[in-house]
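Structural overview
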Amino acid sequence: MAPFTKSDTIWFNGAFVPWDAARVHVMAHGLHYGTGVFEGIRSYETDDGPAVFRLDDHIARLFASAALYELEIPYTAAELTSATLELLTRNRLTRTYIRPIAFFDAHSLTLWPRECPVSVAIAAMPLGAYLGEGITKGVRVCISSVRRFDASAIPTTAKACGQYVNSVRAVQEALRRGFDEAIFLNQRGEVAEGSGENLFLVKDGAILTNGEEAGVLPGITRASVLEIAATLGIPARVAPISVADLSAADELFFTGTAAEVTPIVDVDGRAVSGGTPGPITLRLQESFFDVVHGRDPRFTRWLAYADALASS
Ligand code: PMP
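First, a word on scope: everything that follows refers to the structure included in this document.

With seven of nine residues buried, strand β6 (residues 96-104) lies mostly within the body of the structure. As judged from the three bridges shared by strand β3 (residues 36-38) and β6, these two strands associate in the antiparallel manner. Directly across from F38, in β6, lies its bridge partner I101. As paired elements, strand β4 (residues 41-46) and β6 share three bridges and run antiparallel to each other.

What follows is the structure in structure tokens.
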């Protein structure tokens, strides 16, 4: 994957600062112990200017993740929302990946960082398809030997920094073995999700994805696709997925903010839907792109327009 493209300014602890000035001390608690929470959000071009997809839901999840780690974000959701929109305007960016992060900063190395200040930053940078040409051609995945961590150890519904070492190991293995992405199994040996994506399968014209009990992050793209499927009359179910279900699937696809709706065309060397993206996957992908680009009036409520802020 290409290195990120710097943008002009980053919102850092309440001020807009140049990209290169947004620095953190090496003794930050979050750096040592992964004690931070973050979000991944996208903005898209629409006829009414740049719009952030489901910004309120992402900010709400950031606060929910923070609460699980007893991390108090010293800003309101409204402040982070307007900072995000202003960031797009200031950077003159349209299609971006937005990364808010809140973490325990430098003060002490004690494990309960009660006294550590909490720092918050929001960066926005241009980003194309996360899984490259996989967005059109589909990706080849392996079932990882790295299992997804269990909710009994770490809250699986939180998006916390340290948790991602689990995903890093799965991606490292997948790429080493020549695949594009990994699928985690959970501690029970059921299918969980991708390293940074939820998983859907298509069987006999219906879609199936697993729920929180499978130890997956309840993705905002996943929820969006379930709602979009309803408008298309595609039946949907939420239930556990077994490895056997994967092998028997007619189609498979990932959902995620970065990955959007990415077809899966091969699992461990076994072709899915004949090795090309399946028709239901493509319908959902097309509808998803209509929604995020503001072309579906039923879902413009999911868009926060940056220019509306600029002109208000
Ligand atoms: N699972 C994991 C582990 C993730 O990191 C992500 C990305 N946030 C997702 C699923 C998809 O979530 P969303 O659609 O909200 O981006």
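So that's the structure; there's more coming.
A few words on the side chain of T96. Among the structural elements, T96 can be located in strand β6. Residue class for T96 comes out buried when judged on its relative accessible area of 0%. Engagement of the side chain of T96 in a polar contact is seen with the side chain of S43, the distance being 2.6 Å. Filtering out sequence-adjacent residues up to four positions away, T96 remains in contact with I41, R42, S43, L88, A124, M125, P126 and L127.

With that settled, consider the environment of G189. Checked against the element boundaries, G189 lands in the loop between β9 (181-185) and β10 (191-194). Through-space distance from the C-alpha of G189 to that of T81 is 39 Å; in sequence the pair is 108 residues apart.

A word on empty space enclosed by the protein. A probe matching the size of a water molecule, rolled over the atoms, marks out where space remains unfilled. This model, assessed by the stated rule, comprises one cavity of 30 Å³ or more. The volume enclosed by the largest cavity comes to roughly 40 Å³. Lining the largest cavity are R42, Y44, F53, H58, T221, G256, T257 and F288. Looking at the lining of the largest cavity residue by residue, the class counts come to three nonpolar, four polar and one charged.

About the criteria used
- Residues numbered from 1 in each chain as written.
- Predicted model: local features only at pLDDT ≥ 70, side-chain atom pairs only at ≥ 80, totals over all residues.
- Heavy atoms only, no water.
- Buried < 20%, exposed > 50% of the residue type's maximum accessible area, 1.4 Å probe, protein only.
- Helix = DSSP H or I, 4+ residues; strand = E, 2+ residues; numbered from the N terminus.
- Pairing = 2+ DSSP bridges.
- Polar contact = N/O pair within 3.5 Å; in protein donor to acceptor, adjacent residues only side chain to side chain.
- Contact = heavy atoms within 4.5 Å.
- 1 Å grid on protein atoms, 1.4 Å probe; cavity = no way out; pocket = protein on both sides within 12 Å on 5 of 7 lines; lining within 4 Å.
- Points joined across faces, edges and corners; volume = space filled by probe spheres on them.
- Nonpolar A, V, L, I, M, F, W, Y, C, P; charged D, E, K, R; others polar.

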